[in-house]
Amino acid sequence: MRAMHLIFLGPPGTGKGTQARRLNEKFGWHPLSSGDILRAEIAAKSEIGNKAAKYVSSGALVPDEIVTGVILAGLGRLDHSKGFILDGFPRTVNQAESLHAGLEQSGPEIDAAIDFQLADKAILERIVTRRICKNCSATYNVRFNPPREPDRCDRCGGPVVQRVDDSEEVVQKRLVTYREQTAPLIDYYARKSLLHSVDASAGIDDVGQQVMRILQTIDEGK
Ligand code: AMP
């Protein structure tokens, strides 16, 4: 499989990060999660982090002018020949325009935008039981996939916690934000003939197989 440059679209809690990590383990493609980058900035109390914190904790989008620069800078530091997966960016049409303008100057073409589809009720059930490692961002679920030792990451031993924005109230807000500001990207990528979708209600392995089928079709130039 050649190195691919992918965008993972779709609401929160649909398994984008999990599938990005799987592709990283399988092919070495770099996952780039805008949420992880912003959470690291917030934890470091950087200028960007201090500006972003109130938006993240309330379930709103961080304004484009704050987020676009930091994500494009992160993308610029990656070795593009190794492939990448953008998880959570772009989230507005404006961000998408900035991304494609940046890549046109000095970057590869995007091979596909994959939309992870899941009903709101299932998203809510998944997210309120989701937990995350504060150190390495590995995700767990207290019901379906708990860490072996309670509250301790299997991978790095770090503390496993609930994200401040994973409460039911904030998730409801994030879903509204998604519908209003991010869902228009589905049409945007359909018009660029880059859109593919997966049924994210299936298990992790099944969704992984759906993703692989899409990638194989692209790789074979169909
Ligand atoms: P995520 O981890 O992708 O669910 O993102 C967590 C939160 O970070 C979101 O609810 C937003 O507040 C913020 N965020 C992440 N990515 C973006 C983005 N591309 N644009 C604006 N805000 C973002």
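Scroll up to find the structure this text is about.
Residues numbered from 1 in each chain as written. Predicted model: local features only at pLDDT ≥ 70, side-chain atom pairs only at ≥ 80, totals over all residues. Heavy atoms only, no water.

**A closer look at the overall build of the protein chain**
Summing up its helical and strand segments, the protein chain has nine helices and eight strands in all. When the backbone C-alpha atoms are referred to their principal axes, the protein chain occupies close to 45 × 40 × 30 Å. In the protein chain, which comprises 222 residues, the share counted as buried stands at 45%. Summarising the internal contacts of the protein chain: among those between residues at least 6 apart in sequence, 72% fall at separations of at least 24. A total of about 11,300 Å² of accessible surface is found on the protein chain, and carbon and sulfur atoms cover 48% of it. Charge separation in the protein chain, taken as the distance between the mean sites of 29 positive and 29 negative side-chain charges, equals 4 Å. (Helix = DSSP H or I, 4+ residues; strand = E, 2+ residues; numbered from the N terminus. Buried < 20%, exposed > 50% of the residue type's maximum accessible area, 1.4 Å probe, protein only. Contact = heavy atoms within 4.5 Å. Areas by Shrake-Rupley, 256 points an atom, 1.4 Å probe, with all protein chains shown as cover. Lys, Arg positive; Asp, Glu negative; His and termini not counted. Charge placed at Lys NZ, Arg CZ, Asp CG, Glu CD.)

**Things to note about the nonpolar core**
Of all hydrophobic cores here, the largest spans 26 residues; its most connected members are Ile-7, Leu-75, Leu-99 and Tyr-189. Where this core is concerned, the elements lending two or more residues are β1 (5-9), α2 (34-43), α3 (47-58), α4 (64-76), β3 (84-87), α5 (93-106) and α8 (184-191). Sort the elements by how many residues they give to this core and α4 lands first, with five residues. Among all residues touching Leu-99, those that are not within four sequence positions of it are Ile-7, Leu-72, Leu-75, Leu-86, Phe-89, Pro-90 and Tyr-189. Residues Leu-6, Ala-112, Val-207 and Met-212 belong to the second largest nonpolar core, which totals 24 residues. (Core = buried A, V, L, I, M, F, W, Y, C linked by side-chain atoms within 4.5 Å.)

**Brief notes about the sheet that holds strand β4 (residues 112-117)**
Strand order in the open sheet formed by five strands is β2-β3-β1-β4-β8, and the pairing between neighbours is parallel. The two strands at the open ends of the sheet, each matched to only one other strand, are β2 (30-33) and β8 (195-199). Geometrically, the sheet is characterised by an average inter-axis angle of 25° between neighbouring strands, direction not taken into account. As judged from the five bridges shared by β4 and β8, these two strands associate in the parallel manner. Each residue of the ladder has a partner; that of Ala-113, found in β8, is Leu-195. Contacting β1, β2, β3 and β4, helix α1 (residues 16-27) runs over the sheet at an angle of about 160° to β1. In this fold α2 packs onto β2 and β3, with an angle of close to 60° to the strand it touches most, β2. (Pairing = 2+ DSSP bridges. Axes fitted to C-alpha atoms, helices over the stretch in contact; angles between N-to-C directions.)

**Quick notes on the sheet that holds strand β5 (residues 130-133)**
Spatially, the three strands line up as an open sheet ordered β6-β5-β7, and their pairing is antiparallel. Strands with a single pairing partner mark the edges of an open sheet, and in this sheet they are β6 (139-141) and β7 (160-161).

**Some details on the environment of Val-70**
With respect to the secondary-structure elements, Val-70 resides in helix α4. When the C-alpha atoms of Val-70 and Gly-49 are compared, they prove to be 10 Å apart, with 21 residues separating the residues in sequence. When neighbours within four sequence positions are excluded, Val-70 is seen to be in contact with Ile-37, Glu-41 and Ile-48.

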